[in-house]
Amino acid sequence: MPTTHTTRSTANTASAERRTGQRVQLATYSTDTGEPRVLIGQRVDGIVRVTDEPAHGDGRRYLVEPQLESKAALDALVADYLAKAKRVGYPPMHGWF
């Protein structure tokens, strides 16, 4: 005789919630077309993630780094990203390089 086995998740809903910190402006830059952009850092579940966003209004947003674990890594990423943005003239995460 066949048997049926049902497994139910017992995950605690409180532990499944994401803890997000305040958004922090890390740096600003402008593209060759004059569009102002902002690098934003935000702690999510204890890990810092960095995004590149338009400074005003709507526009394309890019996830630059999903998981930074040290201030030194953050500083190096921001410096490298800004140098690359200046060199190429548009958001480096755009993918045209």
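Data block above holds the structure.
Figured I'd write up the structure that's included with this text. (Residues numbered from 1 in each chain as written. Predicted model: local features only at pLDDT ≥ 70, side-chain atom pairs only at ≥ 80, totals over all residues. Heavy atoms only, no water.)

### Examining the pattern of salt bridges
Using the criterion set out here, one finds five salt bridges in the structure. Between Arg61 and Glu53 there is a salt bridge whose closest N-O contact spans 2.7 Å. Classification of Arg61 as partly exposed rests on a relative accessible area of 45%. In this structure, the salt-bridge partner of Lys71 is Asp75, at a minimum N-O distance of 2.7 Å. With a gap of four residues between them, Lys71 and Asp75 both fall in helix 2 (residues 71-88), about one helical turn apart. The exposure class of Lys71 is exposed, given its relative accessible area of 57%. Given the relative accessible area of 39%, Asp75 is considered partly exposed. Through salt bridges with shared partners, a single ionic network connects Arg23, Glu53 and Arg61. (Salt bridge = Lys/Arg side-chain N within 4 Å of Asp/Glu carboxyl O. Buried < 20%, exposed > 50% of the residue type's maximum accessible area, 1.4 Å probe, protein only. Helix = DSSP H or I, 4+ residues; strand = E, 2+ residues; numbered from the N terminus.)

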